[in-house]
Amino acid sequence: MQHLITTAAMMTSREIAELVESRHDSVKRTIERLAETGAIQLPPLVDVKNDQGQTVAEYRVGKRDSYVIVAQLSPQFTARLVDRWQELEAGAAPARQLSPAEMFLQNAQAMVDMERRQLEQAQAVARIEQRVEQVAQTQLLTTRPANSESICHMRPRAAKMFGIPEHVVECIIRQSPLAPRPAGMVKNDRAEAEGSSYAVYWIKDINDVLRRFVSECKMVTPSFATHPYIHSRFKLIRKDAL
C-alpha cells in the first residue's frame, strides 16, 4: 500500500454540519464556544454563496480542531470525519512517497493512538457502569432531602463559588472518577416528566469534590487551567477559593 504525506487542507463549518447531520448555525456556535474555552483556535470566517445565491459566513477549520468540534457535537460521526479528511488530503496537493523509516514511525504512532483510544474507551465504559450501579442502588425519594442538590442547581453554584465553567462541573460529577455517590433519586412530579426521576447529591460531598478538583488543577495561563480528567483546558478564575 502506498503511504503519502500531503499538505494541509481545510474543512468548512458547513461540511462539518452536513457530516454530523446538524444545523450549520449550531455548529458555528459550538466552534465559538470551544474557542472561548481555549480548546481550539477561532478559525477564519469567510463569506460564500450558498445554493440559493445567498451570502453566508462559514468557518475554515483545520484537521486537529475539526476532531475536537465533532467530538463535542456527536462522537459517533468520527468515522465520517476521517473519511472526509482522507478525501480532502488526497486532493489537497501533490503527494510524495514515504521513506521506510517514515512508514515505520507512522504505523507505530497509529498503533499507539489506537491503544490509547481503546484504553480511554474502556475506562469511560467502566466509569459509566459504576455510575449506573451506584444509581441503581440509591433509594427513590418523593422529595429532595435537605442539604442536597441536583446537578442543575450545583452547576451555577460551583461556577460562582469556584469559577469553574458549568460544562466542566457536569463532566466532574457525571463522568470523572471523582464523582460522588448520589444521595438518592427524586421522583420528578412535573406532568411533562412522565414519572421520571433525577439524582441529587449531598452538598458537602459536592464541595469536597470540587475543592479536590480545583487543588489538582494546573494553571497554564492566569485564567485557564488543565486537569487530567478534562480533555481540554478551561477557565478557572478562583483557584484560591478552597
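### Digging into the pairing of strand β9 (residues 197–202)
And then number 1: Across three bridges, the pairing between strand β7 (residues 148–150) and β9 is antiparallel. Bridge pairing in β9 places Glu149 opposite Tyr201.
And then number 2: Two strands pair when backbone bridges link them, and strand β8 (residues 184–187) and β9 are joined in this way by four bridges, in the antiparallel orientation. Paired with Lys187 across the strands is Ser197, a residue of β9.

### Re the nonpolar core
And then number 1: Ile164, Ile173, Phe213 and Phe234 are the most contacted members of the largest nonpolar core, which totals 24 residues.
And then number 2: Those elements that place two or more of their residues in this core are α6 (151–162), α7 (166–174), β9 and α8 (203–216).
And then number 3: The residues touching Phe234, leaving out its near neighbours within four places in the chain, are Thr37, Pro165, Val168, Phe213, Cys217, Ser223, Phe224, Ala225, Thr226 and His227.

### Notes on the packing of helix α2 (residues 24–37) against helix α3 (residues 63–73)
And then number 1: α3 packs onto α2 with a crossing angle of 115° between their chain directions and a minimal axis gap of 10 Å. With respect to α3, the axis of α2 lies roughly perpendicular. Here α2 runs over α3; the crossing is right-handed. Contacts between α2 and α3 involve Val27, Thr30, Ile31 and Leu34 on the former and, on the latter, Val68, Ile69, Gln72 and Leu73.
And then number 2: Across the contact of α2 with α3, the residue classes break down as six nonpolar, two polar and no charged.

### Thoughts on the sheet that holds strand β4 (residues 55–61)
And then number 1: Spatial strand order, β2-β4-β3: three strands in an open sheet with antiparallel pairing. Single-partner strands in this sheet number two, and they are β2 (11–12) and β3 (45–49).

### Examining the sheet that holds strand β12 (residues 234–235)
Backbone hydrogen bonds hold the strands of a sheet together, and the pairing may be parallel or antiparallel.
And then number 1: Spatially, three strands are ordered β10-β11-β12 in an open sheet, and the strand pairing comes out antiparallel. Sheet topology places β10 (218–219) and β12 at the edges, where each strand pairs with a single neighbour.
And then number 2: Bridge count between strand β11 (residues 224–226) and β12: two bridges; the pairing is antiparallel. Pairing of Phe224 across the sheet is with Lys235, part of β12.

### Focus on the environment of Ser22
And then number 1: Among the secondary structure elements, Ser22 is positioned in the loop between α1 (13–19) and α2.
And then number 2: For Ser22, a relative accessible area of 28% corresponds to the partly exposed category.
And then number 3: Along the primary structure Ser22 and Ser74 are separated by 52 residues, whereas in three dimensions their C-alpha atoms are 9.2 Å apart.

### Section: the confidence of the model for the chain
And then number 1: With 74% of its residues at a pLDDT of 70 or more, the chain has an overall mean of 77.
And then number 2: Per-element confidence in the chain is highest for α8, whose mean pLDDT is 91, and lowest for strand β1 (residues 4–5), whose mean pLDDT is 41.
And then number 3: Taken together, the stretch residues 1–7 has pLDDT below 50 and engages in 20 contacts with residues farther than four places along the chain or on a different chain.

### A look at unusual backbone geometry
And then number 1: Of note in the backbone geometry, Glu21 takes a positive phi value of approximately 55° without being a glycine.
And then number 2: Residue position: Glu21 is located in the loop between α1 and α2.
And then number 3: Relative accessible area serves as the criterion here: at 57%, Glu21 is assigned to the exposed category.
And then number 4: Residue Asn147 is not a glycine yet carries a positive backbone phi of 65°.
And then number 5: Summarising the element assignment, Asn147 is placed in the loop between β6 (140–141) and β7.

### What to know about the pattern of salt bridges
Two side chains bearing opposite charge may form a pair once their charged atoms approach each other closely.
And then number 1: All chains considered together, the criterion is met by ten salt bridges.
And then number 2: When the shortest N-O distance is used, the salt bridge between Asp208 and Lys204 registers 3.0 Å. In this pair, Asp208 and Lys204 both sit in helix α8, four residues apart, roughly one turn of the helix.
And then number 3: Classification of Lys204 as exposed rests on a relative accessible area of 58%.
And then number 4: Put simply, Arg14, Glu58 and Arg60 are held in one network by salt bridges that share partners.

Criteria and thresholds
Residues numbered from 1 in each chain as written. Predicted model: local features only at pLDDT ≥ 70, side-chain atom pairs only at ≥ 80, totals over all residues. Heavy atoms only, no water. Pairing = 2+ DSSP bridges. Helix = DSSP H or I, 4+ residues; strand = E, 2+ residues; numbered from the N terminus. Core = buried A, V, L, I, M, F, W, Y, C linked by side-chain atoms within 4.5 Å. Buried < 20%, exposed > 50% of the residue type's maximum accessible area, 1.4 Å probe, protein only. Contact = heavy atoms within 4.5 Å. Axes fitted to C-alpha atoms, helices over the stretch in contact; angles between N-to-C directions. Parallel < 35°, antiparallel > 145°, perpendicular 65-115°, else oblique. Left-handed = near helix turned anticlockwise from the far one by under 90°. Nonpolar A, V, L, I, M, F, W, Y, C, P; charged D, E, K, R; others polar. pLDDT = per-residue confidence, 0-100. Salt bridge = Lys/Arg side-chain N within 4 Å of Asp/Glu carboxyl O.

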